[in-house]
Amino acid sequence: MGHILTLNAGSSSLKFALLALGNEPEELLSGQLEGLGTKPRLVAKTKTGETPVDRRWSEGEGPKDHATALAALWELLEREFPAVDIVAVGHRVVHGGPRFSEPLIVEAAEIDALREYVPLAPLHQPHNLAGIDAARAALPRARQVACFDTAFHRSHPWINDVYALPRRYYEAGVRRYGFHGLSYEYVVSTLASTRPALLQGRLVVAHLGNGASMCAIHGGKPVASTLGFSALDGLPMGTRCGQLDPGIILYMLQAEGLDAKAIQDVLYKESGLKGLSGLSNDMRTLEESDTPEALGAIAYFCARIRRELGGLAAAMGGIDGVVFTGGIGENSRRVRALACADLDFLGIRLDPDANAANAAEIGAADACCPVLVVNTNEEAMIARHTARLIG
Ligand code: AMP
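Residues numbered from 1 in each chain as written. Predicted model: local features only at pLDDT ≥ 70, side-chain atom pairs only at ≥ 80, totals over all residues. Heavy atoms only, no water.

Caption draft 1: Summary view of the overall build of the protein. When helices and strands are tallied, the protein shows 15 helices and 13 strands. Relative to the 2.2 N^0.38 estimate, which gives 21 Å for 391 residues, the radius of gyration of the protein is 21 Å and therefore close to what a compact globule would have. When its C-alpha atoms are laid out on the principal axes, the protein stretches across 55 × 55 × 45 Å. Scored against the burial criterion, the 391 residues of the protein give a buried share of 52%. A sequence separation of at least 24 residues applies to 61% of the contacts in the protein between residues at least 6 apart. Entry remark: accessible area of the protein is about 17600 Å², with carbon and sulfur atoms responsible for 52%. Charged side chains of the protein number 37 positive and 45 negative; the gap between the two group centres comes to 2 Å. (Helix = DSSP H or I, 4+ residues; strand = E, 2+ residues; numbered from the N terminus. Rg over C-alpha atoms; globule rule 2.2 N^0.38 Å. Buried < 20%, exposed > 50% of the residue type's maximum accessible area, 1.4 Å probe, protein only. Contact = heavy atoms within 4.5 Å. Areas by Shrake-Rupley, 256 points an atom, 1.4 Å probe, with all protein chains shown as cover. Lys, Arg positive; Asp, Glu negative; His and termini not counted. Charge placed at Lys NZ, Arg CZ, Asp CG, Glu CD.)

Given below as structure tokens:
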């Protein structure tokens, strides 16, 4: 039947999943290689929860880049699945620019086109493309499929796609791209089978993980996202700032004399939950702490979710359902409770027992707006697109 490999290449990591082709691709193994170039570690788990490998290399040894990471991964796959036959590799690619609103099979010309979007996502796109280059070299007979985080959002109405800048910026690609599109697509596809009637209504989906955003979805189609041109807007994230007054960037430039790189570091690496708490970017760590700063960071995160929820509901003229997903959305009962507090006016109220149990439906029985928890699976979405495209 053949197999699909999904790859998500980051600056120092390579996440992967191996799936068997079939009507619905079936996951056999997933894991990641992290610490590339420093202290690499390769961990994988099977669908039955076994860990066939948990290998650590010492400082400066082992895989250093995506090409050597793929070689280590290949060694593992051949050992665990001697008959492995990868017919296609599905890549998570952060940016499809204004042009690509669907996943696509990529060859040299398409890869060159995607390189043009490096300035739109300088911290992610080069690594995603390095993953494609490595896979083309290692598996020359396999088809390479790019699946974009931006693609799902390309059908937003113009009003939710544009910034009030001189028009030339829009033409040059300065648009509200939104991200986490593969996660939203997965949630939509799940609801299409579990709650088709609800999917016809107006939903706000909150993808709350290390990166976080929310998306208004009406009749299964995206309407607006809290993320915009870059992966910085909207909600605060693990280390990213979320919505800012652009005047703050001018202040950093003019009053503090910071250069572009220093500002980038503040906005992407030192802000968000980490910046506010002074403790950690990790929600679990913050929930275990009782410092006022950690409590304040959680309170700010949840207050922003409530504000964005109100704004997205207004963008659709109402709200018929809320969905939580992502590592925090799926697991943190405290964040869900705080994020939904005082939203009775929108018909949103949680059932505390269902919320505490991480149930699939956590809204109070007598509240008119259902609140759901859906476990997202971006790898499955990439595999489905890849399987469909290779026929
Ligand atoms: P993701 O990027 O989707 O993998 O999500 C990572 C985030 O989910 C981190 O901030 C984790 O602390 C958070 N997370 C994972 N499990 C839990 C949990 N049981 N309770 C609270 N937060 C969690």
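Continuing now.
Caption draft 2: View of the nonpolar core. Counting residues in hydrophobic clusters, the biggest one holds 58 residues, and the most contacted among them are L208, F301, F324, V335 and I348. With ten residues, the single largest contributor to this core is helix α11 (residues 292-316). Counting contributing residues per domain, this core is built from domain 1 (3-148) and domain 2 (197-373), each supplying no fewer than three. Setting aside residues up to four positions removed in sequence, F324 forms contacts with A206, L208, G329, R336, A339, C340, I362, V371, L372, V373 and V374. Membership of the second largest hydrophobic core comes to 28 residues, among which are L18, A44, A135 and L139. (Core = buried A, V, L, I, M, F, W, Y, C linked by side-chain atoms within 4.5 Å. Domains from an automatic or database assignment.)

Caption draft 3: Fine view of the side chain of R176. Tracing the chain through its elements places R176 in the loop between α4 (167-171) and α5 (181-194). Those residues in contact with R176, other than ones at most four positions away along the chain, are R154, N160, D161, V162, Y163, S225, T226, L227, G228, F229 and D233.

Caption draft 4: A look at the domain arrangement of the protein. Structurally, the protein comprises domain 1 (3-148) and domain 2 (197-373). Each of domain 1 and domain 2 has a C-alpha centre, and the two are 28 Å apart.

Caption draft 5: Structural view of the pattern of salt bridges. Under the counting rule described, the total for this entry stands at 17 salt bridges. A salt bridge links D282 to R284, with the shortest nitrogen-to-oxygen separation between them at 3.7 Å. Residues joined in a network through salt bridges with shared partners are R92, D149 and E378. (Salt bridge = Lys/Arg side-chain N within 4 Å of Asp/Glu carboxyl O.)

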